[in-house]
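Here is what each chain is made of, one letter per residue.
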Amino acid sequence: MIIRHAQDRDRQWLIREYLEHMSPDLEQAARYALRCLQVDRVLLAEEERFPLGLLHWTARWGLRHGLAEIVWLRVISSRRRQGLGRLLLERALCDMQTCY
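Throughout this description, residue numbers start from 1 for each chain and increase along the sequence as written. Reporting of local features is limited, given that this is a predicted model, to residues whose pLDDT is at least 70; pairs of side-chain atoms are given and counted only at 80 or more, and all residues count toward the totals for whole chains, interfaces and linings. Note that the side-chain values use all heavy atoms of the structure and ignore hydrogens as well as water.

Looking now at the side chain of S23. Numbered from the N terminus, helices here are DSSP runs of H or I no shorter than four residues, and strands are runs of E no shorter than two. Its place among the elements puts S23 in the loop between helix 1 (11-21) and helix 2 (26-38). There is a polar contact of 3.2 Å between the side chain of S23 and the side chain of Q28. We define a polar contact as two N or O atoms separated by no more than 3.5 Å, with the added condition that, inside protein, one atom must be a possible hydrogen donor and the other a possible acceptor, whereas residues neighbouring each other in sequence contribute only through side-chain atom pairs.

So this is what it looks like as structure tokens:
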């Protein structure tokens, strides 16, 4: 299993996740994916290129204030209670420290 930053190749997966778990609005889902890839930070956990979970975080009031917000943390149901959420959170905290 690896944890990596979301890339443009993940756009359709981010859209599907949004549609399935947040809202059925396709236009909002496309905006969400664009924001994830161009503005915010999304870490994806995957195994053999199969997504297992994600953590989406954003800087609040710009990077100079040093405040971050976790927008969404999700692990697929078959991989819950195995420490994957904790790993995503730990990696996100390192990513936040790098950005600030």
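This next bit is on the sheet that holds strand 4 (residues 67-75). The 4 strands are arranged 1-2-3-4 in an open sheet whose pairing can be described as antiparallel. Only two strands of the sheet have a single partner each, and these edge strands are strand 1 (2-5) and strand 4. The mean angle between the axes of side-by-side strands here comes to 20 degrees, regardless of whether they run parallel or antiparallel. Taken together, the 7 bridges between strand 2 (residues 41-47) and strand 3 (residues 50-60) define a ladder with antiparallel strand orientation. Within strand 3, the position partnered with V42 by the bridge is H56. Residues are treated as being in contact if the distance between any of their heavy atoms lies within 4.5 Å. Structural elements are reduced to axes, namely lines fitted to C-alpha atoms, with helices fitted over the stretch in contact, and the angle between N-to-C directions of any two is expressed from 0 to 180 degrees. Together, strand 2, strand 3 and strand 4 form the strand contacts of helix 1, whose direction differs from that of strand 4 by roughly 80 degrees. Strands in contact with helix 2 are strand 2, strand 3 and strand 4; relative to strand 3, the strand with the most contacts, it is inclined by about 75 degrees. Following DSSP output, two strands are said to pair if at least two bridges run between them.

As a further point, take the nonpolar core. Of all hydrophobic cores here, the largest spans 13 residues; its most connected members are L14, V42, L44 and L54. Elements with a contribution of two residues or more to this core: helix 1, helix 2 and strand 2. By nonpolar core we mean a set of buried residues, namely Ala, Val, Leu, Ile, Met, Phe, Trp, Tyr and Cys, connected to one another through side-chain atoms within 4.5 Å. Buried, partly exposed and exposed residues are distinguished by accessible area as a fraction of the type maximum, computed with a 1.4 Å probe on protein chains only: under 20%, between the cut-offs, and over 50%, respectively.

Positive phi is not limited to glycine here, since R49 has a value of about 65 degrees. Along the polypeptide, R49 turns up in the loop between strand 2 and strand 3.

Before going further, it helps to examine the pattern of salt bridges. Think of a salt bridge as a Lys or Arg side-chain nitrogen and an Asp or Glu carboxyl oxygen that are within 4 Å of each other. Going through the model one piece at a time under the given rule, you end up with 9 salt bridges. The partner of R4 in a salt bridge is E46, with the nearest N and O atoms 3.0 Å apart. Note that R4 is positioned in strand 1 and E46 in strand 2, a separation of 42 residues in sequence. Among the salt bridges present, the one from E17 reaches R74, with a minimum N-O distance of 2.5 Å. One end of the pair, E17, is in helix 1; the other, R74, is in strand 4, with 57 residues separating them in the sequence. Exposure remark for E17: the relative accessible area of 6% places this residue in the buried category.

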